[in-house]
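Breakdown of the fold
Each chain, letter by letter, is given below.
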Amino acid sequence: MYCLGSHPKLAEKGSDYESLLEKHNNHQKASKVVAACLQNRGIDTRLVSKNDYTQENIDWADIIFTSGGDGTFLLGASKVLTSDKPIVGVTSDTKRSEGRLCLPKQLSNNFSDALERLLRGDFKWQYRQRLRLTMTGKYVDKDPLEFHEFQLNIPELRFYEHMTEYVRSHLQDVREVPSQTRVLPVRVLNEVFIGESLSSRVSYYEISIDGSPNEKEKSSGLTVCTGTGSSSWHFNINRLSAESAQQVFRIAIEETGCNINADSQTLVAKICERFNEDLHFDPTDPRMAFTVRDPIINSIFPQKKSRGFAKTIAVRSRCWDASVVVDGGLSFVFNDGVMLKIEILPEDVLKTVEMR
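Because the structure is predicted, anything quoted here is derived from the model rather than measured.

Here is what the cut-offs are and how they apply
Residues numbered from 1 in each chain as written. Predicted model: local features only at pLDDT ≥ 70, side-chain atom pairs only at ≥ 80, totals over all residues. Heavy atoms only, no water. Axes fitted to C-alpha atoms, helices over the stretch in contact; angles between N-to-C directions. Helix = DSSP H or I, 4+ residues; strand = E, 2+ residues; numbered from the N terminus. Parallel < 35°, antiparallel > 145°, perpendicular 65-115°, else oblique. Left-handed = near helix turned anticlockwise from the far one by under 90°. Contact = heavy atoms within 4.5 Å. Nonpolar A, V, L, I, M, F, W, Y, C, P; charged D, E, K, R; others polar. Phe/Tyr/Trp six-rings, centres within 6.5 Å; stacked < 30°, edge-to-face > 60°. Lys NZ or Arg CZ within 6 Å of the ring centre and 35° of its normal. Core = buried A, V, L, I, M, F, W, Y, C linked by side-chain atoms within 4.5 Å. Buried < 20%, exposed > 50% of the residue type's maximum accessible area, 1.4 Å probe, protein only.

Further remarks concern the packing of helix α2 (residues 17-40) against helix α6 (residues 111-119). Two numbers describe a pair of packed helices, the interaxial angle and the distance between the axes. Running from N to C, α2 and α6 point in directions that differ by 40°, and their axes come no closer than 10 Å. Relative to α6, the element α2 lies oblique. Here the hand of the crossing between α2 and α6 comes out right-handed. For the pair α2 and α6, the contacting residues are V34, C37 and L38 in the first and F111, S112 and L115 in the second. Split by residue class, the contact of α2 with α6 holds five nonpolar, one polar and no charged.

Here it is as structure tokens:
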């Protein structure tokens with residue numbers, strides 16, 4: 001039972017209680033519609049929440065439907081570790097969620113029509129490339145933290161030396177933790193972020209691209225994405241703005257004397273559109289795109305390639321309190337000395353559907 005009305009704590013935050021409740025109810029209704037449509041066709045169905053989305057339920061299913069938005073689809077896809085189990089996303093509230101990874105809006109709003117098309121084979125299979133993550137080091141067997149229940153607990157830097165002294169003096173009898181290698185129990189569909197948990201702290205690491213010698217870098221972190229994720233964080237980090245394009249035009253005119261109208265909004269918009277379109281690449285492309293965010297460049301850390309494509313990337317942490325964040329939802333500890341290998345393998349593709 002829900003009692004409509006104002007909620008003082010939400011009101012203090014400027015949140016609309018009734019709007020949040022409506023969104024919740026829409027999601028619940030849509031999930032029940034999906035389950036009912038499947039059951040009405042005699043399909044054995046389990047309706048589970050995020051907490052009940054276990055490996056046992058995944059193994060039981062022949063196909064998985066997610067009801068929510070892209071975030072729900074990413075979470076659902078991350079735990080499907082094989083390439084033979086299809087997953088289909090349904091947008092539960094098309095007015096508030098774009099659902100780029102889900103069925104088109106008209107089919108999400110009329111799931112019975114979508115199911116009919118699926119049952120008669122009126123669709124195309126799509127195999128989206130994903131990233132496999134392998135970590136080597138101490139404590140790599142720790143469970144990931146989910147951001148909805150994760151609160152950063154990072155001490156101020158001035159206490160670091162005292163903490164180190166305390167640990168050394170009080171934990172001398174603790175047995176050394178052995179290093180081990182673990183393939184993380186998720187697959188990355190969009191992108192992975194590697195860096196300090198506190199965004200204002202510089203991330204320090206060593207990186208190797210496609211087997212090249214390790215290079216030390218300091219930056220605001222590193223992102224690595226698939227073609228699916230190239231329209232998300234990767235795009236927004238690297239997109240060319242009109243202001244930047246105009247400034248480049250003006251410098252080019254001063255340096256070369258070329259005849260370019262830097263104040264032409266039409267030309268600037270066209271250049272920006274062309275540049276930004278090239279940031280996207282196909283979800284089936286067996287390459288990953290990496291971006292070094294805000295690289296530090298000086299005499300110690302010279303200019304290096306800040307973005308590009310790769311087949312394999314290896315990163316060794318030199319960070320104090322770092323994380324490997326998968327699709328914006330799961331965070332694995334990635335502190336000093338731990339090695340992360342990122343690769344794309346044919347057996348890790350995600351099987352989903354394309355419908356128009």
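Before going further, it helps to spend a moment on the packing of aromatic side chains. Considering all chains together, one arrives at five aromatic pairs under this definition. For the ring pair F123 and W125, a centre distance of 4.9 Å and an interplane angle of 85° mean the geometry is edge-to-face. Above the plane of the ring of W60 lies R46, whose end atom (NZ or CZ) is 4.1 Å from the centre. Taking the ring centre of Y204 as reference, the NZ or CZ of K218 above it sits at 5.2 Å.

A few words now on the nonpolar core. With 30 residues, the main nonpolar core has I194, V224 and I342 as its most contacted residues. When sequence neighbours within four positions are dropped, the list of residues in contact with I342 reads L131, R132, L133, V192, I194, V224, M288, K311, T312 and I313.

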